[in-house]
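Chain by chain, the residues run as shown.
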Amino acid sequence: MRTLAIDLGTRRVGLALSDAGGQFATPLAVLAVTSPQQATEEIRAVIEKEGVERLLVGVPLNMDGSLGPAARSAIEWARALASAASLPLVPVDERLSSFVAEQQLVARKQAGERLTRAGKKQRLDALVAAQLLQEFLDGRLPPLVLDEGAAR
């Protein structure tokens, strides 16, 4: 099943895509956005172009696992996107995902990869999305169970 993973941010949105067999995640793109509506339009174009069958969206839970304003906003946005695209939605916990992805970039740079600060910022969000997706595909990241009022 072709899955699109989304790391939603206020200025950048990271995208990653699985292969058709649902085994491997690959960073796809980082969208520079000015509004959630712009992100929705650009992502819908990716969904159509890539034949996406499922959406995986990172939810920024608080460190204690509770839903804060950012998490509620992400859930509300993700539900609207999934509904508009008629696709199933898989919300996942994205706590510390940016930290882990940043550490991976540091390790790659230390290994000799040429990576500028701007290049690092440009790649980070797509790497976060790919990391979340790969962990989900490998069965190491379960979907979040949200009650119907979670976005309110």
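Calculation criteria
- Residues numbered from 1 in each chain as written.
- Predicted model: local features only at pLDDT ≥ 70, side-chain atom pairs only at ≥ 80, totals over all residues.
- Heavy atoms only, no water.
- Buried < 20%, exposed > 50% of the residue type's maximum accessible area, 1.4 Å probe, protein only.
- Helix = DSSP H or I, 4+ residues; strand = E, 2+ residues; numbered from the N terminus.
- Pairing = 2+ DSSP bridges.
- Right-handed = clockwise from strand over helix to strand, strands pointing away.
- Axes fitted to C-alpha atoms, helices over the stretch in contact; angles between N-to-C directions.
- Contact = heavy atoms within 4.5 Å.
- Salt bridge = Lys/Arg side-chain N within 4 Å of Asp/Glu carboxyl O.
- Core = buried A, V, L, I, M, F, W, Y, C linked by side-chain atoms within 4.5 Å.
- Expected span 1.5 Å × (residues − 1).

Peer 1: Explain the pairing of strand S5 (residues 89-93) to me, please; I cannot follow it from the model alone.
Peer 2: Burial within S5 is extensive, with 4 of its 5 residues counted as buried. Note: strand S4 (residues 54-59) against S5, 5 bridges, orientation parallel. Across the sheet, the residue bridging to Val59 is Asp93, located in S5. After leaving S4, the chain enters helix H2 (residues 69-85) and then returns to the sheet as S5, a path that is right-handed.

Peer 1: How do you make sense of the sheet that holds strand S3 (residues 25-32) when you look at a structure like this?
Peer 2: Within a sheet, adjacent strands bond to each other through the backbone by hydrogen bonds, running parallel or antiparallel. With mixed pairing, the 5 strands of this open sheet are ordered in space as S3-S2-S1-S4-S5. Unpaired on one side and paired on the other, S3 and S5 mark the two borders of the sheet. Recorded for the sheet is a direction-independent mean angle of 25° between the axes of neighbouring strands. Pairing analysis gives 7 bridges linking strand S2 (residues 12-18) to S3, with the strands arranged antiparallel. Paired with Ala16 across the bridge in S3 is Pro27. Of the strands in this sheet, strand S1 (3-8), S4 and S5 are in contact with H2, which crosses S4 at around 170°.

Peer 1: Can you walk me through unusual backbone geometry in this structure?
Peer 2: Most peptide bonds take the trans form, and the phi angle of most residues other than glycine is negative. Even without glycine at this site, Ser86 takes up a positive phi of about 55°. Taking relative accessible area as the criterion, Ser86 reaches 64% and is therefore assigned exposed.

Peer 1: It is not clear to me how the pattern of salt bridges should be interpreted in this structure. Could you clarify?
Peer 2: Pairs may arise between side chains of opposite charge once their charged atoms sit close together. Within the structure shown, the criterion is met by 4 salt bridges. Put simply, Arg12 and Asp125 hold a salt bridge, and the shortest N to O gap is 2.8 Å. Placement of the pair is Arg12 in strand S2 and Asp125 in helix H4 (residues 117-137), with a sequence separation of 113 residues. When the shortest N-O distance is used, the salt bridge between Asp93 and Arg95 registers 2.5 Å. Residue classification places Asp93 among the buried residues on the basis of a relative accessible area of 17%.

Peer 1: I'm lost on the nonpolar core in this one. Help?
Peer 2: The tendency in soluble globular proteins is for nonpolar side chains to be buried side by side. Core analysis: the biggest nonpolar cluster contains 19 residues, and Leu4, Ile6, Val13, Leu15, Ile43, Ile47 and Leu55 have the highest contact counts within it. Going through the elements one at a time, S1, S2, helix H1 (36-50), S4 and H2 are the ones with two or more residues in this core. For Ile47, the contacting residues outside a window of four places in its chain are Leu4, Val52, Leu55, Leu81, Ala85 and Leu87. Listed in part, the 15 residues of the second largest apolar core include Ala5, Leu56, Leu132 and Leu137.

Peer 1: How do you make sense of H1 when you look at a structure like this?
Peer 2: Since there are 3.6 residues in each turn of an α-helix, residues three or four apart along the chain are aligned in direction. Between its first and last C-alpha atoms H1 spans 21 Å; for 15 residues at 1.5 Å apiece the expected length is 21 Å, and the two agree. Buried residues along H1 sit in contact with S1, S2, S3, S4 and H2. One or two steps after H1, the chain reaches Gly51, where phi turns positive at roughly 65°.

Peer 1: Could you clarify how one ought to interpret the environment of Gly22 in this entry?
Peer 2: Position of Gly22 among the secondary structure elements: in the loop between S2 and S3. A C-alpha to C-alpha distance of 6.0 Å links Gly22 and Arg2, two positions 20 residues apart in sequence. In contact with Gly22, not counting residues within four places along its chain, are Met1 and Leu137.

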